[in-house]
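Reading the structure
Okay, here's what each chain looks like letter by letter:
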Amino acid sequence: MRKIFSAVIIAVMICGAAYAERFSNFPAYGICMGDSVRCRENPGTKSKIITRINKGDEVQVVGQRTVKGELWYEVYTSPDSEDEEGPFWVSARYIEPEH
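Parameters and conventions
Residues numbered from 1 in each chain as written. Predicted model: local features only at pLDDT ≥ 70, side-chain atom pairs only at ≥ 80, totals over all residues. Heavy atoms only, no water. Helix = DSSP H or I, 4+ residues; strand = E, 2+ residues; numbered from the N terminus. Buried < 20%, exposed > 50% of the residue type's maximum accessible area, 1.4 Å probe, protein only. Contact = heavy atoms within 4.5 Å. Areas by Shrake-Rupley, 256 points an atom, 1.4 Å probe, with all protein chains shown as cover. Disulfide = S-S within 2.5 Å.

A count of helices and strands for the protein chain gives one helix and seven strands. In the protein chain, the succession of α and β elements from N to C terminus is α-β-β-β-β-β-β-β. Looking at the protein chain as a whole, 29% of its 99 residues are labelled buried. Put simply, 50% of the contacts in the protein chain that link residues at least 6 apart link residues at least 24 apart. Accessible area for the protein chain stands at about 6700 Å²; split by element, carbon and sulfur atoms hold 52% of it.

Have a look at this one:
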């Protein structure tokens, strides 16, 4: 049981490091990888939802912050967007670097 727990902890640490290394310079551009992803007023799941973005939407990433072990990106949506442009906070799990 200890080995499994240790393996899970290591995997979580590696995934967290992968998120942190995806954007090393700001501003950067990314693509939303989920549908109806919540854009929040502040980083964290308890923060007010301001708008949502969808799969394929481009965002400009201008910063990052870790809250309770989860990485969040501070983003602006496309100027073409009909919704508010930001800044908003989005969980890093939904944003991939644009290539």
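Don't stop here, the text continues.
Let's shift gears to the environment of Gly 34. Tracing the backbone shows Gly 34 in the loop between β1 (28-32) and β2 (37-40). Note: C-alpha distance between Gly 34 and Asn 54 (20 residues apart in sequence) is 5.8 Å. Ignoring anything within four residues of it in the chain, the contact list for Gly 34 reads Ile 53, Asn 54, Lys 55 and Tyr 94.

Along the chain, Asp 35 turns up in the loop between β1 and β2. Overall, the relative accessible area of 59% leaves Asp 35 in the exposed class. In the structure, Asp 35 is positioned 17 residues away from Arg 52 in sequence and 8.5 Å away in space, judged by C-alpha atoms. When residues no more than four places from it in sequence are discounted, the contact partners of Asp 35 are Ile 53, Asn 54 and Lys 55.

To continue, consider the state of the cysteines. Enumeration according to the criterion identifies zero disulfides in this entry. Cys 39 supplies the cysteine sulfur nearest to Cys 32, a cysteine that is in no disulfide, at a spacing of 7.5 Å. Judged by its relative accessible area of 0%, Cys 39 falls in the buried class.

Moving on to unusual backbone geometry. Geometrically, the link from Phe 26 to Pro 27 is a cis peptide bond, its omega value of 0° lying close to zero. With respect to the helices, strands and loops of the structure, Pro 27 is situated in the loop between α1 (2-22) and β1. In the segment running from Gly 86 into Pro 87, the intervening peptide bond is cis, with an omega of 10°. Following the sequence through the fold, Pro 87 ends up in the loop between β5 (70-77) and β6 (88-91).

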